[in-house]
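Residue-level listing of the chains:
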Amino acid sequence: MSRPWRALRALRLRLLGPGKELVGTDQFGNKYYRVPKHENHAGQIIPERRFVEAINRQAYLYEMGDFPTEWEAWIRKKRNDPPTIEEILKNENYREEMKQKIKDVSEKDKLLQAKEYKEGLVAEPVHTRVKGHASAPYYGKKEPSQDPTSTASTFQPGSWKPPGSGSSHNK
């Protein structure tokens, strides 16, 4: 590289900092980058930055699990080295095995509960139907009608008095 190009490169690094380095990609096509620790033109030390360029740039379309857990840990600096494809696949297989084991255990548990209910060892859970809430003004009473009611034609200003506002109420 010629001397002027080296000078321009040094000037660019001094002013803008180093460029991003591609670290890896995941099975979804997302690309992971890092910008190494460097010193800017004012002498401040800028720490390493890690980020992802998502395959789908519309953030609102992403859901939990769109980025592999291993890559997310690397971006958040919970791990120093980026994950390998083998590591991601191994962990994914392990998670699938655990899901299957959980499903099997919950099915066995349901069968055991049904057997215990049938044999009378355990009481069946009571299925109650709660209408309203205890704090509702109509709890335990007939629910209010959804139809609107109006007293516009019979309303007289000053005729309504709140309960307990009689002459026996002490102030």
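Structure: see above.
Rules behind the numbers
- Residues numbered from 1 in each chain as written.
- Predicted model: local features only at pLDDT ≥ 70, side-chain atom pairs only at ≥ 80, totals over all residues.
- Heavy atoms only, no water.
- Helix = DSSP H or I, 4+ residues; strand = E, 2+ residues; numbered from the N terminus.
- Expected span 1.5 Å × (residues − 1).
- Phe/Tyr/Trp six-rings, centres within 6.5 Å; stacked < 30°, edge-to-face > 60°.
- Buried < 20%, exposed > 50% of the residue type's maximum accessible area, 1.4 Å probe, protein only.
- Polar contact = N/O pair within 3.5 Å; in protein donor to acceptor, adjacent residues only side chain to side chain.
- Contact = heavy atoms within 4.5 Å.
- Pairing = 2+ DSSP bridges.
- Axes fitted to C-alpha atoms, helices over the stretch in contact; angles between N-to-C directions.

Caption draft 1: Up close: helix α3 (residues 85-119). Look at α3: 51 Å from first C-alpha to last across 35 residues, which is about the 51 Å you get at 1.5 Å a residue. Positive backbone phi, at 85°, marks G120, one or two positions downstream of α3.

Caption draft 2: Up close: the packing of aromatic side chains. Within the structure shown, the criterion is met by three aromatic pairs. Where Y32 meets W71, the ring centres are 4.1 Å apart and the plane angle is 5°; that geometry is what we call stacked. Of the two residues, Y32 is situated in strand β2 (residues 31-35) and W71 in helix α2 (residues 69-75); the sequence distance between them amounts to 39 residues. A relative accessible area of 2% means that W71 is categorised as buried.

Caption draft 3: View of the side chain of R50. With respect to the helices and strands, R50 occurs in strand β5 (residues 49-53). Residue classification places R50 among the buried residues on the basis of a relative accessible area of 14%. Engagement of the side chain of R50 in a polar contact is seen with the backbone oxygen of W74, the distance being 2.7 Å. Polar contacts involving the side chain of R50 include one to the main-chain carbonyl oxygen of R79, which spans 3.0 Å. Apart from the residues within four sequence positions on either side, R50 is in contact with Y33, R34, W74, I75, K77, R79 and N80.

Caption draft 4: Representation of the side chain of E70 within the structure. Positionally, E70 belongs in helix α2. Its relative accessible area of 5% is what places E70 among the buried residues. E70 has contacts with R79, P83, E87, I88, N91 and R95, leaving out every residue within four places of it along the chain.

Caption draft 5: Geometry of the sheet that holds strand β1 (residues 21-25). Reading across the sheet, the three strands line up as β1-β2-β5 and stay open at both edges, with antiparallel pairing between neighbours. Since the sheet does not close on itself, it has two edges, and those belong to β1 and β5, each with one partner. Between one strand axis and the next, the sheet turns by 25° as a mean value, whatever way the strands run. Where β2 meets β5, five bridges bridge the pair, whose relative direction is antiparallel. Paired with R34 across the bridge in β5 is R50.

Caption draft 6: Up close: the environment of A114. One can find A114 in helix α3. By relative accessible area, which is 39% here, A114 ends up partly exposed. A sequence separation of ten residues divides A114 from E124, and the C-alpha atoms of the two residues are 9.0 Å apart.

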